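Listed here are the chains, written in short residue letters.
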Amino acid sequence: MAEGKTSDPATLSGEKSFAVCVRNDEYEAAIELRKIYEVLDDADAEPHELIRVIDESGEDYLYPREWFMPLDLPQSVGEVIVEIAHREPAA
């Protein structure tokens, strides 16, 4: 089900949204249960009950919406999550 569409996060609005993964059938390497993912707006995906998230590959892909629960996080928490996600791994 994961369908890729490379999006430039710089073109998205400044407000970030997040969801926690609650199901990952056949995509265990791409999305992890109980992990928080950044959600990207995708009006074309919504009518198909899909959600676009930045997965473990660092790219954005479509997954079934029911696999994620939306989170309402304070902006400061969201900023920290994004900062951590974009850090270079320690050598």
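Placed above this text is the structure.
All values reported here derive from a predicted model rather than from experimental measurement.

**Re the overall build of the chain**
Line of reasoning, step 1. Scanning the chain for helices and strands turns up 1 helix and 6 strands.
Line of reasoning, step 2. For the chain, the N- to C-terminal ordering of α and β elements is β-β-β-β-β-β-α.
Line of reasoning, step 3. Here the chain, with 91 residues, has 30% of them falling under the buried criterion.
Line of reasoning, step 4. For the chain, contacts bridging at least 24 residues in sequence account for 48% of all contacts bridging at least 6.
Line of reasoning, step 5. Of the roughly 6,300 Å² that the chain leaves accessible, carbon and sulfur atoms contribute 52%.

**Here we look at the nonpolar core**
Line of reasoning, step 1. Listed in full, the 11 residues of the largest apolar core are Ala19, Cys21, Ala30, Ile31, Tyr37, Val39, Ile51, Val53, Tyr63, Trp67 and Phe68.
Line of reasoning, step 2. Put simply, the parts of the chain that give this core at least two residues each are strand 2 (17–21), strand 3 (36–40) and strand 4 (50–54).
Line of reasoning, step 3. The residues touching Ala19, leaving out its near neighbours within four places in the chain, are Lys35, Ile36, Tyr37, Val39, Phe68, Met69, Pro70 and Leu71.

**Here we look at the pattern of salt bridges**
Line of reasoning, step 1. Scanning all chains against the criterion turns up 6 salt bridges.
Line of reasoning, step 2. Among the charged side chains, a salt-bridge network with shared partners connects Asp42, Arg52 and Asp60.

**Details of the pairing of strand 5 (residues 60–64)**
Line of reasoning, step 1. With 4 of 5 residues buried, strand 5 lies mostly within the body of the structure.
Line of reasoning, step 2. As defined by bridge partners, strand 4 adjoins strand 5 across 5 bridges and the pair is classed as antiparallel. The residue of strand 5 that forms the bridge with Ile51 is Tyr63.
Line of reasoning, step 3. Between the end of strand 4 and the start of strand 5, which pair antiparallel, lie 5 residues, with Gly58 showing a positive phi angle near 85°.

**Here we look at unusual backbone geometry**
Line of reasoning, step 1. Non-glycine residue Arg34 carries a positive phi angle of around 70°.
Line of reasoning, step 2. For Arg34, the location among the structural elements is in the loop between strand 2 and strand 3.
Line of reasoning, step 3. Owing to a relative accessible area of 71%, Arg34 belongs among the exposed residues under this scheme.
Line of reasoning, step 4. Residue Glu49 is not a glycine yet carries a positive backbone phi of 60°.

What counts, and at which threshold
Residues numbered from 1 in each chain as written. Predicted model: local features only at pLDDT ≥ 70, side-chain atom pairs only at ≥ 80, totals over all residues. Heavy atoms only, no water. Helix = DSSP H or I, 4+ residues; strand = E, 2+ residues; numbered from the N terminus. Buried < 20%, exposed > 50% of the residue type's maximum accessible area, 1.4 Å probe, protein only. Contact = heavy atoms within 4.5 Å. Areas by Shrake-Rupley, 256 points an atom, 1.4 Å probe, with all protein chains shown as cover. Core = buried A, V, L, I, M, F, W, Y, C linked by side-chain atoms within 4.5 Å. Salt bridge = Lys/Arg side-chain N within 4 Å of Asp/Glu carboxyl O. Pairing = 2+ DSSP bridges.

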